[in-house]
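# A look at the structure
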Amino acid sequence: MILKKLEVGGFMSNCYIVGCSDTKEAVVIDPGSEPEVILATLEEMDLTVKYIIATHGHIDHIGAVKEVREATKAPVIIHEEDAALFENTHENLSMFVGSELILSPAEKIVVEGDTISFGNYNMKVIHTPGHTRGGISLNMDGVVFTGDTLFAASIGRSDLPGGNHRQLISAIKEKLFPLGDDTAVYPGHGPESTIGREKKVNPFLR
């Protein structure tokens with residue numbers, strides 16, 4: 001598996017490029033900013049983008065969707081409950097940061113249990129609401145991409161439109177913890193962790 005993390009934009013969001021070394025097919029997870037960096041990295045790695053995936057619909061995770069979609073012609077994926085955020089400048093938070101981001105609708109809508117396939121890999125969609133109504137995590141091969149649900153020693157905010165603290169804690173404990181202690185956690189911001197470490201040290205989850 002090819003895995004490249006890019007920290008992009010003023011919010012220092014993690015954009016992940018995940019690829020198959022055999023087929024050179026890849027997905028781009030959360031292109032939040034700096035499309036030129038994302039596209040240059042894809043070119044350097046000689047990868048073809050099959051899908052662009054948004055773990056949720058906030059501007060710091062979808063801010064470069066338009067440019068990456070236009071350049072790669074890849075369809076965009078988002079959960080059904082966050083799909084409307086592409087056109088809602090209040091809930092995608094763009095109106096609060098001095099811009100109004102309106103995107104064309106996502107080409108592919110997913111729900112809990114769906115599978116996203118590329119190259120020789122399959123990603124399982126886990127609906128993890130609480131930061132937004134349609135937040136998702138993506139599980140594959142001992143790795144989970146958690147968006148703004150779970151961070152190293154922290155959790156996502158639940159005080160923004162569509163947030164719900166009780167749902168967030170429940171999603172982490174009931175859907176992410178069972179993935180196993182050795183599962184690597186790749187969050188939407190900050191450093192990597194593991195499920196086992198978060199069980200032990202995360203003050204929000206004790």
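Residues numbered from 1 in each chain as written. Predicted model: local features only at pLDDT ≥ 70, side-chain atom pairs only at ≥ 80, totals over all residues. Heavy atoms only, no water.

### Some words on the pattern of salt bridges
The final tally for this structure, using the stated rule, is 8 salt bridges. Where lysine 175 meets glutamate 112, a salt bridge forms, and the shortest distance between an N and an O atom there is 3.2 Å. Taken together, the positions of lysine 175 in helix H4 (residues 165-176) and glutamate 112 in the loop between strand E6 (108-110) and strand E7 (115-118) put the pair 63 residues apart, joining distant regions of the chain. With relative accessibility at 30%, the residue lysine 175 sits in the partly exposed group. Residue classification places glutamate 112 among the partly exposed residues on the basis of a relative accessible area of 41%. Between arginine 197 and glutamate 198 there is a salt bridge whose closest N-O contact spans 3.4 Å. (Salt bridge = Lys/Arg side-chain N within 4 Å of Asp/Glu carboxyl O. Helix = DSSP H or I, 4+ residues; strand = E, 2+ residues; numbered from the N terminus. Buried < 20%, exposed > 50% of the residue type's maximum accessible area, 1.4 Å probe, protein only.)

### What about H4?
Since the α-helix packs 3.6 residues into each turn, any two residues three or four apart lie on the same face. Spanning 12 residues, H4 covers 16 Å between terminal C-alpha atoms, matching the ideal 16 Å at 1.5 Å per step. Among the residues of H4, those classed as buried are Leu168, Ile169, Ala171, Ile172 and Leu176. Summarising the axial view, the buried residues of H4 lie within an arc of 155°, below the 170-degree limit, and thus occupy one face. Summarising the geometry of H4, the exposed residues directed more than 90 degrees from the buried face are Arg166 and Glu174. Tucked into the core, H4 has its buried residues touching strand E8 (121-127), strand E9 (136-140), strand E10 (143-147), strand E11 (150-151), strand E12 (154-155) and helix H5 (195-201). Regarding H4, its N-cap is asparagine 164, as a side-chain oxygen of that residue lies 3.1 Å from the backbone nitrogen of arginine 166 further along. (Expected span 1.5 Å × (residues − 1). Arc of directions from axis to C-beta. Contact = heavy atoms within 4.5 Å. Polar contact = N/O pair within 3.5 Å; in protein donor to acceptor, adjacent residues only side chain to side chain.)

### Overview of the sheet that holds E8
Here we have 6 strands laid out as an open sheet, ordered E7-E8-E9-E10-E13-E14, and mixed in their pairing. Single-partner strands in this sheet number two, and they are E7 and strand E14 (193-194). Sheet analysis places strand E13 (residues 184-187) next to E14, joined by 2 bridges and oriented antiparallel. Among the inter-strand pairings, alanine 184 is bridged to a residue of E14, identified as threonine 194. Along the sheet, H4 makes contact with E8, E9 and E10, crossing E8 at roughly 140°. (Pairing = 2+ DSSP bridges. Axes fitted to C-alpha atoms, helices over the stretch in contact; angles between N-to-C directions.)

### Thoughts on the sheet that holds strand E4 (residues 48-53)
Pairing between the strands of a sheet is mediated by backbone hydrogen bonds and can be parallel or antiparallel. Taken together, the 6 strands give an open sheet; going across it, the order is E1-E2-E3-E4-E5-E6, and neighbouring strands pair in mixed fashion. Of all strands in the sheet, those with a lone pairing partner are strand E1 (2-8) and E6, marking the two edges. In this sheet, adjacent strand axes meet at a mean angle of 25° when their direction is disregarded. Pairing geometry for strand E2 (residues 13-19) and strand E3 (residues 25-29), over 4 bridges, is antiparallel. Note that in E3 the partner of valine 18 across the bridge is valine 27. In the packing of helix H3 (residues 65-72) onto the sheet, contacts are made with E4 and strand E5 (76-79), and the angle to E4 comes to roughly 150°.

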